[in-house]
Amino acid sequence: MIDRYKDHGQPAARGALSRRAFLGRAASLGVAATAVVPFGAALAGASNEDGKLFLIGLEEHFATRELQRLQAGGDERLFSGGGRRPELLDLGAGRVADMDAAGIDIQVLSAVTPGAQNLPGTEGVAFARKLNSWVANEVVAAWPDRFRAFATLPLSQPEAAADELERSVREHGLVGCMSYGAIGGRFLDHADFAPLLVRAEALGVPIYIHPNWPSPAAMEVYYDGLGDALVGRILGGPGYGWHQEVALQCLRLIVAGIFDRFPKLQIVVGHMGEGLPFWYWRVGEDLDRIARKRLQKPVQQYFHDNLWITTSAFFSDELLALALATMGEDRIMFSVDYPMASAKAGADWFRAIDLPGATKEKIAHGNARRLLGIEPT
């Protein structure tokens, strides 16, 4: 154990941000903590001439016909598995043309929710191997200067998932993996997933936790009974609920001591942190007051040591200001959430923001290169 607290119980570890520190950092960014909207307005009106800013997007999805077939049975109005978004199926010239129009240089590809993780037993293992090999050999290899990819894992079989992650990284050069919300009613802090966490840490690659639809039990308790099944479904999904579930999963990883056991394990979440920056102070006060008794570091410190966030689909000046003030510029990475969000809208938004050049370069590509080992092209 280390000496973690001083000054009447406030966190003293590197990177932990108090409310006073936030005020100072916000001031340096040109925003008063009590007046975030004027800051957003200032950013929105800023001119910027760095149109050639190198951009890497980390949460850029795809589907295949087979993946859509395996995920069939849901409401066709929902986008998971493809829905009415044919761009998911385009992993060639059409997608690259969209990237060129937006000025995005590299996409890190990931299978659309929920990938292969719901497929049982040997079926899931075989499909994940097939999909990862195809992405590496037929897509990334065809466009080596434009694409990288996260592995899709058969998470219903954790040992096999760990093996597939290692195979995908070592044989195919994939840069990590993506999981999707709860896995059979369990989160990654469950003991069953220790083999995956061990392997990811040893390989030095991150796990990107993407949201997934809530379980039937969660739907019944929290989101049903609204008089419109689709409204309830969206409220439980991209409209609110699945973001909160990812935030909960990250906090569980912290307080369960996962990052004490696996201190080099890195977790990425999208959508400007799935609400975690908003809750930064609360967890640093109420949650930390209890969790400090069993953890090696303050709760907030794990945000800076083990968590990364991306901007996917949350193209908001105010939210980026909050993320910078809490997570810091070294833990934020650009993303679009293509094709659920417009590549051009995301890129245009980011280029228009008036930030220090070094900060902007980190978010645009520097942090992603550092985390994923992507060499300059």
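None of the values given here were measured: they were computed from a predicted structure.

K.L.:
Help me understand the overall build of the protein chain, please; the structure alone is not making it clear to me.
P.N.:
Secondary structure assignment for the protein chain yields 16 helices and eleven strands. Across the 377 residues that make up the protein chain, the buried fraction comes to 55%. Expressed as a percentage of contacts within the protein chain between residues at least 6 apart in sequence, the contacts between residues at least 24 apart total 79%. Summed over all atoms, the accessible surface of the protein chain reaches about 16,100 Å², with 54% contributed by carbon and sulfur.

K.L.:
Can you walk me through the sheet that holds strand 11 (residues 332-333) in this structure?
P.N.:
Whether parallel or antiparallel, the strands of a sheet pair through hydrogen bonds between backbone atoms. Reading across from one edge, 6-7-8-9-10-11 is the order of the six strands in this open sheet, with parallel pairing throughout. Of all strands in the sheet, those bounded by a partner on one side alone are strand 6 (151-152) and strand 11. Direction of pairing for strand 8 (residues 207-210) relative to strand 9 (residues 267-269): parallel, over a ladder of three bridges. The residue bridging I207 from the neighbouring strand is I267, located in strand 9. In this fold helix 13 (residues 299-306) packs onto strand 9 and strand 10 (307-310), with an angle of close to 65° to the strand it touches most, strand 10.

K.L.:
Whenever I open this one, helix 7 (residues 194-203) confuses me. Can you help?
P.N.:
Owing to its 3.6 residues per turn, the α-helix aligns residues three or four sequence positions apart on the same side. Burial analysis of helix 7 places seven of its ten residues in the buried class, the great majority of the element. If you check which residues of helix 7 are buried, you get A194, P195, L196, L197, R199, A200 and L203. Within two residues after helix 7, G204 carries a phi angle of roughly 75°, on the positive side.

K.L.:
Would you mind going over helix 12 (residues 280-291) with me for this structure?
P.N.:
Over its twelve residues, helix 12 runs only 14 Å from end to end, short of the ideal 16 Å by more than 12%, given 1.5 Å per residue. Along helix 12, the positions that sit buried rather than exposed are Y280, W281, V283, G284, D288 and A291. End-on, the buried residues of helix 12 take up no more than an arc of 155°, which puts them together on one face.

K.L.:
Please clarify how the pattern of salt bridges should be interpreted in this entry.
P.N.:
Pairing is possible between side chains that carry opposite charge, provided their charged atoms lie close to one another. This structure, assessed with the given rule, holds 17 salt bridges. As a salt-bridge pair, D330 and K362 come within 2.7 Å of each other at their nearest N and O atoms. One end of the pair, D330, is in the loop between helix 14 (317-326) and strand 11; the other, K362, is in helix 16 (residues 357-372), and 32 residues separate them in sequence. Via salt bridges that share partners, R129, E164, R167 and E171 belong to a single interconnected network.

K.L.:
Could you clarify how one ought to interpret the packing of helix 12 against helix 13 in this entry?
P.N.:
In helix packing, the relevant descriptors are the interaxial angle and the interaxial distance, both defined with respect to the helix axes. One can describe the packing of helix 12 onto helix 13 by two numbers: an axis separation of 7 Å at closest approach and a directional angle of 120°. By the angle between their axes, helix 12 is oblique relative to helix 13. When helix 12 is examined against helix 13, the residues Y280, W281, V283, G284, L287, D288 and A291 are found in contact with a partner set consisting of V299, Q300, F303 and H304.

K.L.:
Would you mind showing me how to read the pairing of strand 4 (residues 106-111) here?
P.N.:
Where a strand is regular, its side chains alternate between the two sheet faces. Most of strand 4 is tucked away: six of the six residues are buried. Pairing geometry for strand 3 (residues 56-62) and strand 4, over five bridges, is parallel. Within the sheet, the bridge partner assigned to I56 lies in strand 4 and is I106. The sheet contact formed by strand 4 and strand 5 (residues 147-149) spans three bridges and is parallel. Across the sheet, the residue bridging to Q107 is F147, located in strand 5. With helix 5 (residues 121-140) bridging strand 4 and its parallel neighbour strand 5, the resulting β-α-β unit is right-handed.

K.L.:
Just to check I follow, could you spell out the sheet that holds strand 3 for this structure?
P.N.:
The strand order across the open sheet built from three strands is 3-4-5, with neighbouring strands paired in parallel fashion. Both outer strands of the open sheet, strand 3 and strand 5, are each paired with one neighbouring strand and no more. The average undirected angle you get between the axes of adjacent strands in this sheet is 35°. Across the sheet, helix 5 lies against strand 3, strand 4 and strand 5, angled at about 170° from strand 5, the strand it touches most.

K.L.:
In this structure, what is going on with the pairing of strand 10? I would like to understand it.
P.N.:
Side chains L307 and I309 of strand 10 all project onto a buried face; the interleaved residues W308 and T310 project onto the opposite face, where all are buried too. In terms of strand pairing, strand 9 meets strand 10 through three bridges, oriented parallel. What sits directly across from V269, in strand 10, is I309. Remark: the strand 10/helix 14/strand 11 crossover connection has right-handed handedness.

K.L.:
Can you walk me through unusual backbone geometry in this structure?
P.N.:
Most peptide bonds are trans, and most residues other than glycine sit at a negative phi. A cis amide bond, omega 0°, links T113 with the succeeding residue P114. Take P114: it is sitting in the loop between strand 4 and helix 5. Located in the positive-phi region is M272, a residue other than glycine, with phi close to 55°. Mapped onto the elements, M272 comes out in the loop between strand 9 and helix 12. In this structure M272 comes out as buried when scored by relative accessible area, which is 4%. With a phi close to 75°, D337 is a non-glycine residue in the positive phi region. Counting through the fold element by element, D337 comes out in the loop between strand 11 and helix 15 (343-352). Taking the relative accessible area as the measure of exposure, D337 reaches 6% and is therefore buried.

Rules used throughout
- Each chain has its residues counted from 1, following the order in which its sequence is written.
- Restriction of local features to residues with pLDDT of at least 70 applies here, the model being predicted, together with a cutoff of 80 or more for giving and counting side-chain atom pairs; totals for whole chains, interfaces and linings are based on all residues.
- Note that the side-chain values use all heavy atoms of the structure and ignore hydrogens as well as water.
- Strands are runs of DSSP state E lasting at least 2 residues, helices are runs of H or I lasting at least 4, and numbering of each runs from the N terminus.
- Burial classification: accessible surface area is computed with a 1.4 Å probe over protein chains only, and a residue below 20% of its type maximum counts as buried, one above 50% as exposed, and the rest as partly exposed.
- Contacts between residues were defined by any pair of non-hydrogen atoms, one from each residue, lying within 4.5 Å.
- Here the Shrake-Rupley method, with its probe set to 1.4 Å, supplies the accessible areas, and only the displayed protein chains count as covering residues.
- Only strands that DSSP links by at least two bridges are regarded as paired with each other.
- Every axis in this analysis is a line fitted to C-alpha atoms, fitted for helices over the stretch in contact. Angles between the N-to-C directions lie between 0 and 180 degrees.
- Every helix has an expected span of 1.5 Å times one less than the residues it contains.
- In this description, the arc belongs to the directions extending from the helix axis to the C-beta atoms.
- A carboxyl oxygen of Asp or Glu within 4 Å of a side-chain nitrogen of Lys or Arg is what we treat as a salt bridge.
- Orientation categories follow fixed angle ranges, with anything under 35 degrees roughly parallel, anything over 145 roughly antiparallel, 65 to 115 roughly perpendicular, and all other angles oblique.
- Orienting the strands away from the viewer, one traces the path from the first strand over the helix to the second; a clockwise path indicates a right-handed crossover.

So yeah, pure geometry; function would need other evidence.
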